[in-house]
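# Examination of the molecular architecture
Here is how the chains run, residue by residue.
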Amino acid sequence: MNAAISCRDLKMRFGAGDGAQLVLRGVSLDIAQGELSIIAGPSGCGKTTLISILGGALKPTSGEARAFGRSLSEMSGAEMARFRRKDVGFIFQQYNLVPALTATENAAMPLIIAGASARVAYAAARSELAQLGLEAHADKFPRQLSGGQQQRVAIARALVHQPRLIICDEPTAALDSASGEAVMTILQNLAMDKDRAVLVVTHDHRVFSFADRLIELEDGLVRADYLMTEPLEKSARPAGPPAIHGRKAA
Amino acid sequence: MNDIALKILWADIGKAIAMVLGVAFSTLLMAQQAAIFVCLMGNSASHITAAQDVDIWVADARADYFDDPGVLPAALVERVKSVAGVAYAAPFIRTSVSLDTASLVEQGVLVGLDQNSFLGAPQKMVTGSMAALRASDTFVVDRRGYGDIWPDEEIALGRLLEVDGRLLRLVGIVDPPSPFISMPLIYTSVTTASLLRPGIAPGFIVARARDGADVAAVAKAIQEQTGYAAFDKAAFSRITIDYYLKNTGIPINFFITIALGFIVGTAIVAQTFYLFVTENLRHLAVFKAMGANWRQLVSMTAIQCVIVAAVGFSLGIAGASWFFETVPAKIPAFKGFYLPWGVVAKVGVAVFAISLLSGVVSIQRAVRFAPAQVLRG
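Residues numbered from 1 in each chain as written. Chains lettered and ligands numbered in written order. Predicted model: local features only at pLDDT ≥ 70, side-chain atom pairs only at ≥ 80, totals over all residues. Heavy atoms only, no water.

## Observations concerning empty space enclosed by the protein
Residue and element names in this part refer to chain B. Note the following rule: In this analysis, the protein atoms alone were mapped onto a 1 Å grid. Cavities are point sets where a 1.4 Å probe fits without being able to get out; pockets are open sets with protein on both sides within 12 Å along at least five of seven lines; lining residues have an atom within 4 Å of a point. Grid points are joined across faces, edges and corners, and a volume is the space filled by probe spheres set on the points. A helix here means a DSSP run of H or I that spans at least four residues, while a strand means a run of E at least two residues long, and both kinds are numbered starting from the N terminus. Residues are grouped as follows: Ala, Val, Leu, Ile, Met, Phe, Trp, Tyr, Cys and Pro are nonpolar; Asp, Glu, Lys and Arg are charged; all remaining types, including Gly, are polar.
Inspection of every chain in the model, using the stated rule, returns 4 cavities of 30 Å³ or more. A volume near 120 Å³ is recorded for the largest cavity. Those elements that place two or more of their residues in the lining of the largest cavity are α2 (13-44), α3 (46-50) and β8 (185-189). When residues of the lining of the largest cavity are assigned to their parent elements, the largest contribution, 3 residues, is made by α3. Partitioning the lining of the largest cavity into residue classes produces 10 nonpolar, 4 polar and 2 charged. Of the pockets and cavities examined, the second largest cavity occupies roughly 80 Å³. Surrounding the second largest cavity, I8, F276, V277, N280, H283, L284, F287, M300, T301 and Q304 form its lining. Every element with two or more residues in the lining of the second largest cavity is listed here: α9 (250-279), α10 (281-289) and α11 (294-330).

## Considering the interface of chain B and chain A
Heads up, the rule is: Residue contacts follow a heavy-atom distance rule, with two residues in contact if any of their heavy atoms lie within 4.5 Å. Accessible surface is computed with a 1.4 Å probe, and the buried area is the amount of it that two parts give up when combined, taken over both parts together. The term salt bridge refers to a side-chain nitrogen of Lys or Arg lying within 4 Å of a carboxyl oxygen of Asp or Glu. Whenever a nitrogen or oxygen atom comes within 3.5 Å of another N or O atom, the pair is scored as a polar contact, on the condition that within protein one atom can donate a hydrogen and the other can accept it, and that pairs from neighbouring residues in sequence are kept only if both atoms are in side chains.
Taken residue by residue, the interface counts 22 residues in chain B and 26 residues in chain A. Interface area, chain B with chain A, both sides summed: about 2,200 Å², of which 66% is carbon and sulfur. Here E105 of chain A makes a salt bridge to K7 of chain B, at a shortest N to O gap of 2.3 Å. Remark: the boundary between chain B and chain A carries 6 residue pairs in polar contact (both at pLDDT 80 or more). At the level of secondary structure, the elements contributing two or more residues to the side of chain B that touches chain A comprise α1 (2-11) and α10 of chain B. Of all the elements, α10 of chain B adds the most residues to the side of chain B that touches chain A, at 6 residues. Across the side of chain B that touches chain A, the residue classes tally to 13 nonpolar, 4 polar and 5 charged.

Okay, here's the thing in structure tokens:
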């Protein structure tokens, strides 16, 4: 397996003294390129903390986290910012589009932050939007778009700088089932790129069947790690965790 | 990024306008009050600076400003003339007199000039001539004083005015810079002044230095040889202004108003900008999660501050300029008042400081915001 992300005995503690909370208690896993991995688990199990660390937005208290051969644990703040700027695309639950900016401007933000000229950034953003079927909406503001369209703009924004890691935080939580399915299909297609890993955190059982891999977290530990062997028929998608439909990862 | 920062700024038009108006109000208040203060202080020495033919003012050693003339012996004129480097010297009388007018004006300032040279006379005549003062019992009045004595009446020479119980005939009207004391200025010859106040002594001796002479050195020589104080124009202006600065409540009153302008401006802009940044904190955090560094966030905020400051400052200065373009023409008390460039520059520095300070305070939260926070919702 070509591991894009790996972590070993990852621990994360928030606070100090009696009020300290150990959110991750020693997580070890590998995420491969060309794979769509879903991290699931109950609220407070450490999902968001885990993707924050893997996305270079948070430093672990202890343990080793590596991304594309580099140690995230040893990166300085500036190096982490550079890693996020270059290698990571974030997709958020609430889209987090800037209301004052058009779809093109929102989608162009990572390139603008990386120092690209406006002309280059907007051209790349328009191209991404077109690939996601939003060509006609490129000059619209977020308030003029539906939830599904806004999430696709957010996906375009996450892709515009061609990152190797896409991190999605509850990407379908605010969407109806049709829009959610469309978004997951896009993410699934993205994960087919062998140079890219897609990591999705979700509570939404409906989308588990899109995963190549399902990682269940509980109380800050990996409870189960499944490789999904066969895509499920649409009608047969489970309401609960689909562990029985996969095989345990090695 | 700057382009994006401005789009975010103007998208929240309500807050942007509030910030711009806050800066504009602050600018207007500070510029208008500071300019009035500067002009008022300048007026305290306006007679000195306007008397272009006078190089040196000789005064009683105890006289500490222009509006407090001492009593000098008439013979001092000749002693001053005898000092090397002095081309000419003449007495200069300045005293208050009572006026009998149909208006509310009851007092004026009598200025007695040497009838040979008219040294120390204002330069700008509206009508008539200073030379006509050589005739006995004549006077020249300033333009503003004319309006006070004969309100709403056309300018006409030959009018009679009772000064200290003696009738004088108007032979000219001058337009000097506004003096600090807003009483009519009654210019007469020394001879006529002596008829009004027999035995009156000059308050100052005014002197002109020879061409090419070092005026400061000549003043020093006069001081050494006569025992009286002698100042060049700049020094006498300075001590007069200093007197008003140190001995009146004017500076502190203006300082309070200007400080209030600064504080109110800071409060409005800082509060609104803080709210603006707070409401945009999520977006700034998203940018940070995407890899924006603190320099980029600070730069975005700085450009927003600079634009708010520039627009607000321009509006405020436009308002202050309008005031000084229109009001002095209509209200005599503001005659000659203007908006000095120095005031504009200093207010500009203060206003940009207010805006940048507000930005620095507001952006702190965004800079400290951990990028992981944005994933926590």
